[in-house]
Amino acid sequence: MDYLDKIICGDCLDVMGGLPDKSVDLVLTDPPYGIGEAKGKNKTRGNLAQAKDYGVDDWDDNIPERGVFDEIRRVSKHAIIFGGNYFAEYLDNSPCWIVWDKLNGDSDFADCELAWTNFSSAVRKFTFKWQGMLQGDMKEKEIRYHPTQKPVKLFRQILNSYSNPGDTILDPFLGSGTTAVACVETGRHYIGIELEEKYCEIARRRVAEATPSLFA
């Protein structure tokens, strides 16, 4: 597969259109929720420290179109889509939702985030603290490059629970590259698609840092 272990800068509908049916084992992705996170609203939230300024953009003004979700299901054997509660009209009923408990404590941020899946197993909860400057692993604290960035350690837990080493994982909304880094660290292949070049560059750098021997 030409896209294997690559980060592609482009529109995910165009790229997925070139993938055969059921050619990836799992989609693990975090699409825009359409709630304006890219407008910098986090700068005025939280009470622990001054929030990071990621700038202002429009990529989270709307949710993706129906065709994106149709393509995700066409090209994948299974899918895990964060923010599935925002895309309910485009997704089927599912017995297996993932609940991410962010251990946010006393703050105005959400206690949890939900991910839709098309697995037939039961609802599962994953716990990893992600409260501004406070993280679940403070000894190996992750740098946050993106306003909706997910922790690598959370995605490693999910990949280890819902996929196997050697599987091919697709993220059509790669952002700053968490899915690709988690794949490298758990022995999975990845295909990453991201529309904005600045985030593609960040993702490529993060993958290179996770696999220095491959980029020597």
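Further up the page is the structure itself.
Below is a summary of the structure that appears in this document. Treat the numbers as computed from the prediction; the structure is a model and nothing was measured.

So, the pairing of strand β3 (residues 76–82)
Next, step 1: Extensive coverage of β3 is indicated by the burial of five of its seven residues.
Next, step 2: Pairing between strand β2 (residues 24–29) and β3: five bridges, direction parallel. The partner of Thr-29 across the bridge, within β3, is Ile-81.
Next, step 3: Looking at chain direction, β3 and strand β5 (residues 112–117) are connected through three bridges and run antiparallel. The residue bridging Phe-82 from the neighbouring strand is Ala-115, located in β5.

Describing the nonpolar core
Next, step 1: Judged by nonpolar contacts, the single largest core of 51 residues is most densely connected at Met-16, Ile-80, Phe-82, Ile-158 and Leu-170.
Next, step 2: Sorting elements by how many residues they give to this core places helix α3 (residues 152–162) first, with six residues.

Observations regarding the environment of Arg-188
Next, step 1: Within the element layout of this structure, Arg-188 appears in the loop between α4 (178–186) and β10 (189–194).
Next, step 2: Along the backbone, Arg-188 and Asp-167 are 21 residues apart, and their C-alpha atoms lie at a distance of 5.2 Å.
Next, step 3: For Arg-188, the residues in contact, after removing those within four places along its chain, are Asp-5, Leu-159, Asn-160, Ser-163, Asn-164, Pro-165, Gly-166, Asp-167, Ile-169 and Cys-183.
Next, step 4: Among the polar contacts made by the side chain of Arg-188, one reaches the main-chain carbonyl oxygen of Asn-164 at a distance of 3.3 Å.

Some points on the packing of aromatic side chains
Next, step 1: Considering all chains together, one arrives at seven aromatic pairs under this definition.
Next, step 2: A ring pair is formed by Phe-119 and Tyr-162, whose centres lie 4.9 Å apart and whose planes are at 50°; its orientation type is tilted. Of this pair, Phe-119 sits in the loop between β5 and β6 (124–127) while Tyr-162 sits in helix α3, and the two are 43 residues apart along the sequence. Across this residue pair, the class does not change: Phe-119 and Tyr-162 are buried.
Next, step 3: Residues Phe-126 and Tyr-162 carry aromatic rings whose centres are separated by 6.4 Å and whose planes lie at 50° to one another, so their mutual orientation is tilted. Taken as a pair, Phe-126 in strand β6 and Tyr-162 in helix α3 lie far apart in primary sequence, 36 residues in all. Accessibility classification places Phe-126 together with Tyr-162 in one group, the buried group.
Next, step 4: Taken together through their ring pairs, the aromatic side chains of Tyr-33, Phe-69, Tyr-86, Phe-87 and Tyr-90 make up a single cluster.

The rules we used
Residues numbered from 1 in each chain as written. Predicted model: local features only at pLDDT ≥ 70, side-chain atom pairs only at ≥ 80, totals over all residues. Heavy atoms only, no water. Buried < 20%, exposed > 50% of the residue type's maximum accessible area, 1.4 Å probe, protein only. Helix = DSSP H or I, 4+ residues; strand = E, 2+ residues; numbered from the N terminus. Pairing = 2+ DSSP bridges. Core = buried A, V, L, I, M, F, W, Y, C linked by side-chain atoms within 4.5 Å. Contact = heavy atoms within 4.5 Å. Polar contact = N/O pair within 3.5 Å; in protein donor to acceptor, adjacent residues only side chain to side chain. Phe/Tyr/Trp six-rings, centres within 6.5 Å; stacked < 30°, edge-to-face > 60°.

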